[in-house]
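# Analysis of the macromolecular model
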Amino acid sequence: MTPDLTFALSQKTKKRWEWKELALHPSCPLFLFGFYVLPVSCHPQCLDYRPPFKPDSRLQFCSQYGTFGCCNQKKDNAIAQKYRKVTESIDFNGSRRCGKFVKAIMCQECSPYAAHMYDAEDPLTPLRKIPGLCFNYCSEFHLNCRSSIHLLTKDRQMQESWERDRNYFCNLLQLPDPDYCFPNVLKNTDLNQNLGSVVEDQQGCLRLCLQEIANGLKNPVLMIHANDDTHRLFVAEQLGFVWVYLPDGTRLSEPFLDLTRQVLTTPWVGDERGFLGLTFHPKFKANGKFYVYYSILTKGKVEKVRVSELKILPHDMNQADLYSERCILEIVEPAANHNGGQILFGLDGFLYIFTGDGGKAGDPFGKFGNAQNKSVLLGKVLRIDVDGSSYDRPYQIPLDNPFVHDRIARPEIYAYGVRNMWRCSVDRGDPITKEGRGRLFCGDVGQNMYEEVDIIVKGGNYGWRAKEGFECYDTKLCQNSSLDDILPIYAYDHSVGKSVTGGYVYRGCESPNLNGLYIFGDFMSGRLMALQEDLKAGMWKQQDICMGDYQTCLFPGLINHHHKFIISFAEDEAGELYFLATSFPSAYASQGIIYKLIDPSRTAVPGKCKYKSVPVKVKSKRNPFVPQERTLLEISGMVAVPTIPSKERLKQPTTTRASTTTRHPMTHLKRIRPMKKNNLRERGTYKPSHQNVRPRVKKPISRKSMTRKAPVIPPQSVIKPAKSSHPNRSITRQHSSSESKLTKKRNKTSHKGLRKKKAKKKYNAKSAENRANLSRLTPKAQPHKKTCSVSIKKKNKIYTQPISSPKSITSRSLKKSAKRIKRTGFSYECVKAGKSEQNEYC
């Protein structure tokens, strides 16, 4: 219960509400006050702002947190070493009495609620040195360990309160929420029930959180990795673009593939044609081959789907060679819908192609429909060998295909009786036992009643159009004894959703609780679902996935909402799961966002999920990631929104991917580093980064005070050193012809004359507006009119280049950046209103 409301209630009222809290929520209590239901802030969190984890090895010192907590073996040893130092500094008798207290207090860093106990939920507030203690326990600690407080903390206020009074000291250690004080937090059944498992609500809905990865995409239909150890992600848009996202979160400005001229698509909402499939050869690292699936319109205005092979450019691994396209297969589409689109390689090394039934409603083609007709390729799962070719095909037929010896059937068919399978995946198998490895999961979109999820097997008949889900669709075909169809592992009616989107079995590292769950969704309703296999019963149990509430997802970088239309699911090279969604399903609408699924209840052991990616040679520009969604920490005000865009970020588009590498969750709050030394040679000036970047404002134009830009002399040209006109000047200066003329004009007019003319000048609205804009510039001082020249000394020769400062230069900025400029060997000589200022550094 929240402290302010608990304090206001009497003891009888508190007891009356406590049993209601336990009945309302199995894991986190709720507090009812009037008509409002207020959730208690009960989500496990460590001091590094990450969820707790299960240690790989047994903890020797803080053994009470050996099954679940915030310490691994390394941190446990560090706490034990610190404890020995504390006990060595205490007298022997005192060590016996208070050693137990000191150990228990120090081990609270390993508690799954360490962030609450150390008051570290807000990253902007200072961290406690001593966890929150309950009053009775604190009193005993104060009584038995009088000489140990200065060893546990160096906080002067805490040490003074220890010497002053016991009540005053214990009041300082109290927490805003008394449910988390030690040791009562260990006895709280509400906080410790189902600790470490996925949070569920009363209906059994799994509560997960999301992280925004990319945005600004035009109907992203898929995301895939190349399995080449580079950990790049390739995102395809329905229009025909494929973009490369690097492991550091940046997106390359040049597309990996551009097939927009060949791809057939329209801006209609819900148009199923376009760029639909992409997969990489299992030996892509060696041969550079990949395969695409897209819609085309031939010269005779015949719609087809095409499967082609392409290669990357030999000199750029992030660019595809369009001239290397080799057509593998083309299939005529009788209608605009049900185009299939999934292609992938199985563990056997063969290419699997998933085609639709040809479109329209009810598969009306022929006597039995295309899906049941084994003489056509529509409504099928095809399997071919792209590494070879025959006299009549650009591919070979695997010898173990189920219908190789059937004269009526096409030999490419691996399975049949499918309507329009949208998104399939291969199970990687359990990371330890490899159970389930190689299974092929697919989501098959239904007609009027049911959506289904299937596991594809060789030679299987999946029932369409005789059946839809578990029910009959065509009564005559359904009663045929020779149907022998394979039932789906799960089907749901249209009250849940109307268009299934197949997903993946989670086999990643960062969310161990999700291992083995098949996660999928529905395009129309936007629902996320999960299937858990029951090996004993041979059944699959379905659970809904809902977004965690405010307290559940209160971690750095997390959000708890997404766009409605779930287009596709994706898996990166490390096995983490993503899904692609949009708020407007049109191929020309830039509303697509990629989300990463994250379990906030438990994470992996620190350092376990790190990977080394092969370096990628990049030749095009990188676009940094700019999130559109505000995280819950930013909404709550605990974390400042980063507003420090770089110069390149202001110019380039924002369609980028966030970094997926394991890193400290608060690294995005760091300031951008200043300009490198190498850049100083090119630009000649140091520009400090500011928290608030304001747009550039034009300087007010005045004929009398206007400074002409001096022509820039290339640094390669050697300029002879000129004699100094000032006896004390240590830096020589060379004027160009235009600069010398300008200096003569300035010398003719004195400063007093300029001031008098400015005073007599009439009021001008535009100049007043410019002055007002100029006053908003930072730093706070008004800029001086200066022209500068940079001098470089090399081999006893001085090369001078006159420049005009691109930004206003003030004495304050000169002093700050003088030390940096001195290191580089550069020096500026500035001229202000015709008079030189000696030995100034810009």
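Residues numbered from 1 in each chain as written. Predicted model: local features only at pLDDT ≥ 70, side-chain atom pairs only at ≥ 80, totals over all residues. Heavy atoms only, no water.

The next thing to look at is the state of the cysteines. Counted under the stated rule, the structure contains ten disulfides. Cys-62 shares a disulfide with Cys-107; S-S distance 2.1 Å. Disulfide Cys-62-Cys-107: the torsion about the S-S bond is -80 degrees, which places it as left-handed. Of this pair, Cys-62 sits in the loop between β2 (36–39) and α3 (73–89) while Cys-107 is found in the loop between α4 (92–106) and α5 (114–117), placing the two residues 45 residues apart along the sequence. Exposure class is identical for Cys-62 and Cys-107. Each is buried. Between Cys-205 and Cys-546 runs a disulfide, and the two sulfur atoms are separated by 2.3 Å. Separated by 341 residues along the polypeptide, Cys-205 in the loop between α11 (189–192) and β3 (206–217) and Cys-546 in strand β26 (residues 539–547) bring together distant segments of the chain. (Disulfide = S-S within 2.5 Å. Helix = DSSP H or I, 4+ residues; strand = E, 2+ residues; numbered from the N terminus. Buried < 20%, exposed > 50% of the residue type's maximum accessible area, 1.4 Å probe, protein only.)

Glancing now at the pattern of salt bridges. The final tally for this structure, using the stated rule, is 25 salt bridges. Within this structure, Asp-427, Asp-430, Arg-439, Arg-507 and Glu-533 form a network of salt bridges that share partners. (Salt bridge = Lys/Arg side-chain N within 4 Å of Asp/Glu carboxyl O.)

Read from one edge of the open sheet, four strands run β13-β14-β15-β16, paired in antiparallel fashion. The two strands at the open ends of the sheet, each matched to only one other strand, are β13 (342–345) and β16 (413–416). Strand-to-strand twist in this sheet, taken as the mean axis angle between neighbours without regard to direction, amounts to 15 degrees. (Pairing = 2+ DSSP bridges. Axes fitted to C-alpha atoms, helices over the stretch in contact; angles between N-to-C directions.)

Per-chain confidence: the protein averages 77 in pLDDT, with 69% of residues scoring 70 or above. Across residues 29–41, where pLDDT falls below 50, the model places 31 contacts with residues more than four positions away in sequence or in other chains. This model gives residues 643–766 a pLDDT under 50, and the stretch forms 180 contacts once residues within four places in sequence are excluded. (pLDDT = per-residue confidence, 0-100. Contact = heavy atoms within 4.5 Å.)

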